[in-house]
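An overview of the molecular structure
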Amino acid sequence: MDQTDGAPNPNIARTGDDIFDVTIIGAGPTGLFGAFYAGMRTMKTKLIDALPDPGGQLAALYPEKYIYDAPGFPKIVAKDLVKLLMEQAVQWNPVVCLNERVQTLDRMEDGTLVLTTDKAKHLTKTVVICAGVGAFAPNKLNAPGVSELEGEGIYYFVKGKAAFQGKNLLIVGGGDSAVDWALNLQDVAKSITLIHRRDEFRAHESSITELRNSPVTILTPYEVKQVSGDGKLEQVTLFDNKTKEEMTLDVDAILVNVGFKADIGPIREWGLELDKRGILVNNKMETNLPGVFAAGDIAAEEVKMNLIATGYGQAAMAVNVAKHYIDPKASIFPGHSSEKM
Ligand code: FAD
């Protein structure tokens, strides 16, 4: 049962004694900085994200773009900032649960909050929602045969290069991810064909030059017409979307990199006060639910500014107020890290 009014739910049984001080939903820049801050305040911290990799919008939407307004960096490539944020966050050993989407938020009679994902129940004293524009999920390839062969040769993420060892691989997409994987999987795949529905790629110029000088076969403007195979992927039929000319390739794997869609979905059902800008918060990043905070793009303060830098400040505020919430003797202001570490 979803929480709808912040009141305790007697139907939720305790599922274990591993209760975290704070659980942060979302491993974008806001959640990662929040996890670091929570660790610095000696809070037992958990971080959950729907995607298999941390970084939120930076990793999913613009990994190769330069960011010019990240504090301390005159310019930095988005994926490098994510790497550094992750390095900063994990020094306190938070539990990191990736590939898990939080579906419900409930409260037990003793006040413990319960987050239920598609994989587990997570018990926690406080929650900081850093869910950005919502949980990201990859856009699916829309062609006959694809849904039947998902997991049997059709991939949306690279969890390890070994899955493509010795394979005839088709990569679909025209952005940075598709081009980067076409370059990075050359040392393991037997052959790589990259198709894109437009003639122009949307990737970093230097990557496109590298791609054009590589052995990768590039086909544009091509799309997938259908895939087939007996229990596992064997063939793909492609078509030129201008001439309608078709070709069939023998392939063992297709890696689809055609973007992500974001959806705040279940968060709307948790009993939080929202408006069209996001979750309403006060200047301590408190929501209407006790012990539940929001920060970053999902938080709707009076004036809303969706910037990485804004998220950092909000995450620090939310975590420090959460610390005081679970331990009223602890001050909200943590002091300075330069004096503590
Ligand atoms: P996000 O980055 O959106 O991360 C939220 C995370 O929460 C996601 O990983 C998502 O999967 C996860 N999540 C959501 N719901 C759930 C759930 N139910 N369960 C589990 N996980 C969940 N800002 C700048 O300051 N400078 C820039 O130069 C800049 N350039 C940009 C360029 C582009 C193309 C875009 C799209 C944005 C840019 N931004 C920039 C904005 C910046 O990326 C965002 O402000 C920032 O990513 C917000 O961080 P966040 O952590 O709050 O949310």
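Everything discussed here concerns the structure shown above.
All of these numbers come straight from a predicted model, not from anything done at the bench. (Residues numbered from 1 in each chain as written. Predicted model: local features only at pLDDT ≥ 70, side-chain atom pairs only at ≥ 80, totals over all residues. Heavy atoms only, no water.)

1. A look at the overall build of the protein
Here is the rule we go by: Helix and strand definitions here come from DSSP, where helices need a minimum of 4 consecutive H or I residues and strands a minimum of 2 consecutive E residues; each element is numbered from the N-terminal end. The size measure is the radius of gyration over C-alpha atoms, and the globule rule it meets is 2.2 Å times the number of residues to the 0.38 power. Summary of the burial criterion: residues with accessible area below 20% of their type's maximum are buried, those above 50% are exposed, and those between are partly exposed, where the area comes from a 1.4 Å probe applied to protein chains only. By the convention used here, residues are in contact when the closest approach between their heavy atoms is within 4.5 Å. Areas reported as accessible are Shrake-Rupley estimates using a 1.4 Å probe. Residue values count occlusion only from the protein chains shown.
Along the backbone of the protein there are eight helices and 22 strands. The C-alpha radius of gyration computed for the protein amounts to 22 Å, which stays within 12% of the reference 20 Å derived for 341 residues, consistent with globular compactness. The C-alpha extent of the protein, read off along each of the three principal axes, is 70 × 50 × 35 Å. Counting across all 341 residues of the protein, residues that qualify as buried make up 51%. In the protein, the proportion of contacts linking residues at least 24 apart, taken out of those at least 6 apart, comes to 59%. A total accessible area of about 16300 Å² is found for the protein, and carbon and sulfur atoms account for 50% of it.

2. A short note on the environment of Gln57
Mapped onto the fold, Gln57 is located in helix α2 (residues 56-60). In this structure, the C-alpha to C-alpha distance between Gln57 and Val96, residues 39 residues apart in sequence, is 18 Å. The contacts of Gln57, once residues within four sequence positions are left out, are Tyr62, Val133, Phe136 and Asp297.

3. A closer look at the sheet that holds strand β16 (residues 246-250)
Condition: At least two DSSP bridges between two strands are required for those strands to pair. Axis definition: a line fitted to C-alpha atoms, limited for helices to the stretch in contact. Angles are taken between N-to-C directions and run from 0 to 180 degrees.
Strand order in this open sheet of three strands is β14-β15-β16, and the pairing throughout is antiparallel. Unpaired on one side and paired on the other, β14 (222-228) and β16 mark the two borders of the sheet. Between one strand and the next, the sheet's axes are offset by a mean angle of 25°, whatever the strand orientation. Where β14 and strand β15 (residues 235-240) come together, six bridges link them in antiparallel fashion. Considered in β15, the bridge of Gln226 is made with Thr237.

4. Thoughts on the packing of aromatic side chains
Filter applied, for reference: Only Phe, Tyr and Trp rings take part, Trp by its six-membered ring, and two of them pair if their centres are within 6.5 Å. Stacked means planes under 30 degrees apart, edge-to-face means over 60, and tilted covers everything else. Over a ring means this: the NZ of a Lys or the CZ of an Arg is within 6 Å of the ring centre and within 35 degrees of the ring normal.
In this structure the tally under the stated criterion is nine aromatic pairs. When the ring of Phe157 is compared with that of Phe260, the centres are 6.1 Å apart and the planes differ by 35°; the resulting orientation is tilted. Placement of Phe157 in the loop between β10 (154-155) and β11 (168-172) and of Phe260 in strand β18 (residues 260-263) is noted, with a sequence separation of 103 residues between them. The exposure class assigned to Phe157 is partly exposed, which follows from its relative accessible area of 23%. Since its relative accessible area comes to 23%, Phe260 is described here as partly exposed. Chaining the aromatic ring pairs together yields one cluster made of Phe33, Phe36, Tyr37 and Tyr312. For the cation-ring pair, Lys44 lies above Phe20, with the distance from its terminal atom to the ring centre recorded as 4.9 Å. The ring of Tyr156 is capped by Lys140, whose NZ or CZ atom sits 5.0 Å from the centre of that ring.

5. Examining the sheet that holds strand β12 (residues 191-195)
In a beta sheet, neighbouring strands are held together by backbone hydrogen bonds and run either parallel or antiparallel to one another. An order of β10-β17-β11-β12-β13 is seen for the five strands of this open sheet, with the pairing classed as parallel. With partners counted over all chains shown, the strands left at the sheet margins are β10 and β13 (217-219), one partner each. Note: β12 against β13, three bridges, orientation parallel. Opposite Thr193, over in β13, you have Thr217 as the bridge partner.

6. A closer look at the nonpolar core
Side chains that are nonpolar tend, in soluble globular proteins, to be buried together. Applicable threshold: Side-chain atoms within 4.5 Å link the members of a nonpolar core, which is a set of buried Ala, Val, Leu, Ile, Met, Phe, Trp, Tyr and Cys residues.
Ranked by size, the top nonpolar core spans 55 residues in total, and within it Leu81, Val128 and Ile129 carry the most contacts. Setting aside its immediate chain neighbours within four residues, Val128 contacts Val22, Thr23, Ile24, Ile25, Phe293, Ala295, Ala318 and Val319. Membership of the second largest hydrophobic core comes to 20 residues, among which are Ile171, Val179, Phe201 and Leu211.

7. Structural notes on helix α6 (residues 205-212)
Quick reminder of the rule: What the arc describes is the spread of directions from the helix axis to the C-beta atoms.
Ser207, Ile208 and Leu211 are the residues of α6 that are buried. Down the axis of α6, the sector holding all buried residues measures 100°, keeping them to one side.

8. Considering unusual backbone geometry
In the segment running from Thr220 into Pro221, the intervening peptide bond is cis, with an omega of -10°. Mapped onto the fold, Pro221 is located in the loop between β13 and β14. Despite not being glycine, Asn93 shows a phi value in the positive range, around 55°. By the secondary structure assignment, Asn93 is in the loop between α3 (78-90) and β5 (95-97).

9. Points about a nonpolar patch on the surface
Put simply, the rule is: Patch members must show over 30% relative accessible area and no salt bridge, and they are joined within 9 Å when carrying like charges or within 5 Å when they are nonpolar side chains of Val, Leu, Ile, Met, Phe, Trp or Tyr. Salt bridges are defined by distance alone: a side-chain nitrogen of Lys or Arg within 4 Å of a carboxyl oxygen of Asp or Glu.
The grouping of Val303, Met305 and Leu307 at the surface amounts to a nonpolar patch, some 290 Å² of accessible area in total. Accessibility expressed as a relative area gives 62% for Val303, which makes it exposed.

10. Section: the environment of Glu301
Quick reminder of the rule: In the analysis that follows, any N or O atom pair within 3.5 Å is treated as a polar contact, provided that within protein one partner can donate a hydrogen and the other can accept it, and provided that, for residues neighboring in sequence, both atoms belong to side chains.
With respect to the secondary-structure elements, Glu301 resides in the loop between β22 (299-300) and α7 (308-326). For Glu301, a relative accessible area of 22% gives the class partly exposed. In this structure the C-alpha to C-alpha distance between Glu301 and Asn283, which are 18 residues apart in sequence, comes to 7.2 Å. Aside from chain neighbours lying at most four places away, what touches Glu301 is Arg277, Val281, Asn282, Asn283, Met285 and Gln314. Among the polar contacts listed, one links the side chain of Glu301 to the side chain of Gln314, at a separation of 2.7 Å.

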